[in-house]
Amino acid sequence: VAPWDIPPRLRIEPPMSTTLGGAGANDRPLYQVPAVPAGRYRIDVQGTPAGWLMVGIGRDQFSLVSGPLTSPARPIELDFPVDVRAIVIRGDEQARRSVRAVAITPISLVMPAARWTGDPARRAVRYGAATVYFLDDRSFAEPEAFWVGGGRTSAVVVQPHDRRRPAAMLLRNGPVQNHVSLAAGEWRADASLAPGEERRIEVPLDSARGAAMLVISARSGFRPSEVDPNSRDTRILGVWVKVLG
C-alpha cells in the first residue's frame, strides 16, 4: 500500500468529554485530537445533532467553523496548510446532549518532506475570505486583524479561500516611525511607514499549497497605555495587519 493511500482508510473517534460545559478553564471541549499534521480532514457528527458547534485548533475564542448543527449533520471539511496544535471541537449545552460521537477522517496528508516547518500552528483565525495560522507568540490575534509585536519577527501562514490570486493585506502602522519587512519564499518587501500610515500589499501564494508562509518584522513599537491614558493595554505593538482576501 502506498503511504498516501493510507490516510483515507483511517477513522479517528476520540472519546467524548463527560465534563459539563462552563466558562474559562471549565469550558471543556467535546472532542480534541492533538498534534495534527498538515492535510485535509473530514469531521462527521453522529447522533441526532442539535445546538451549536465550533471547530478550531486551540482552546481560545477563535474558531474556523462555527454554526448550528443540522439533522442529519453535514460533514465538516478542514484543510490545514501546516501542522496544527490540535483539532478542538466545542459545543453548547444542546450539542453536548445531542451529539453521540464524532469521527475524524484524514482525506490526505502533506508528507513530512513537503512541509514548511516542523512547528505546529498555535492558533488559527478566520478573517473574512482567508484563514491565518499563527506559528509563534510574537503576534497578537484579534477578531478583525492581528498585530505583529514591536521590535519582533513573527511567522504566519495565510490561506485565502480564493487561491487563484495573491493574498491582499493592509498594513497600518502605530503612532511611531517604523520599518516593516515581509518575506514569503523568494518574495520580499520592505516598507518605511510614518506614524499611522497605511500600505496595501499583495503576497504571492505557493501554488502547490494555495497559501503563503509569511514572515513579518516590525522594527519599532509602542505601548497603547503610554499613548492613551484610558488604555490598560501594555503590549508592545508594531504593525497592524488586516487580511483582505
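Residues numbered from 1 in each chain as written. Predicted model: local features only at pLDDT ≥ 70, side-chain atom pairs only at ≥ 80, totals over all residues. Heavy atoms only, no water.

Moving on to the sheet that holds strand β5 (residues 76-80). The strand order across the open sheet built from 3 strands is β5-β2-β7, with neighbouring strands paired in antiparallel fashion. Either end of the sheet is taken by a strand with one partner, and the two such strands are β5 and β7 (99-109). Neighbour-to-neighbour, the strand axes of the sheet open up by a mean angle of 20 degrees, direction not taken into account. Examined bridge by bridge, strand β2 (residues 39-47) and β7 share 9 bridges and lie antiparallel to one another. Across the sheet, the residue bridging to V45 is V102, located in β7. (Pairing = 2+ DSSP bridges. Helix = DSSP H or I, 4+ residues; strand = E, 2+ residues; numbered from the N terminus. Axes fitted to C-alpha atoms, helices over the stretch in contact; angles between N-to-C directions.)

This paragraph deals with the side chain of Q159. Tracing the backbone shows Q159 in strand β12 (residues 152-160). From its side chain, Q159 meets the backbone oxygen of D79 in a polar contact 3.2 Å long. Reaching out from Q159, the side chain makes a polar contact with the side chain of Y133 at a distance of 3.3 Å. Setting aside chain neighbours within four positions, we find Q159 in contact with D79, P81, A130, T131, Y133, G210 and A211. (Polar contact = N/O pair within 3.5 Å; in protein donor to acceptor, adjacent residues only side chain to side chain. Contact = heavy atoms within 4.5 Å.)

Taken in spatial order, the 5 strands make up an open sheet running β10-β11-β18-β13-β16, and their pairing is antiparallel. Both outer strands of the open sheet, β10 (139-141) and β16 (198-203), are each paired with one neighbouring strand and no more. On average, each strand axis in the sheet is inclined to that of its neighbour by 25 degrees, with strand direction left out of account. Relative to strand β18 (residues 237-243), strand β11 (residues 146-149) is paired through 4 bridges, and the arrangement is antiparallel. Across the sheet, the residue bridging to V148 is V239, located in β18.

Put simply, the largest pocket is a space of about 260 Å³. In terms of lining residues, the largest pocket is bounded by 13 residues, among which E77, D79, T131, Q159 and H161 are the most central. Elements with a minimum of two residues in the lining of the largest pocket: β5, β9 (130-134) and β12. In terms of residues, the lining of the largest pocket owes the most to one element, β5, which gives 3 residues. Residue classes in the lining of the largest pocket are distributed as 5 nonpolar, 3 polar and 5 charged. (1 Å grid on protein atoms, 1.4 Å probe; cavity = no way out; pocket = protein on both sides within 12 Å on 5 of 7 lines; lining within 4 Å. Points joined across faces, edges and corners; volume = space filled by probe spheres on them. Nonpolar A, V, L, I, M, F, W, Y, C, P; charged D, E, K, R; others polar.)

Moving on, we get to the packing of aromatic side chains. In total, this model carries 4 aromatic pairs according to the counting rule given. Measuring from centroid to centroid gives 5.8 Å for Y41 and F80, while their planes differ by 45 degrees, and the two rings are tilted. Placement of Y41 in strand β2 and of F80 in strand β5 is noted, with a sequence separation of 39 residues between them. The class of Y41 is buried, set by a relative accessible area of 4%. By relative accessible area, F80 is classed as buried at 1%. Here F134 and F146 contribute two aromatic rings whose centre-to-centre distance is 5.2 Å and whose plane-to-plane angle is 90 degrees, an arrangement assigned as edge-to-face. Separated by 12 residues along the polypeptide, F134 in strand β9 and F146 in strand β11 bring together distant segments of the chain. Residue F134 is classed as buried on the basis of its relative accessible area of 1%. F146 sits in the buried class, given a relative accessible area of 0%. Seen from the ring of W116, R209 lies directly overhead, with NZ or CZ sitting 4.2 Å from the centre. (Phe/Tyr/Trp six-rings, centres within 6.5 Å; stacked < 30°, edge-to-face > 60°. Buried < 20%, exposed > 50% of the residue type's maximum accessible area, 1.4 Å probe, protein only. Lys NZ or Arg CZ within 6 Å of the ring centre and 35° of its normal.)

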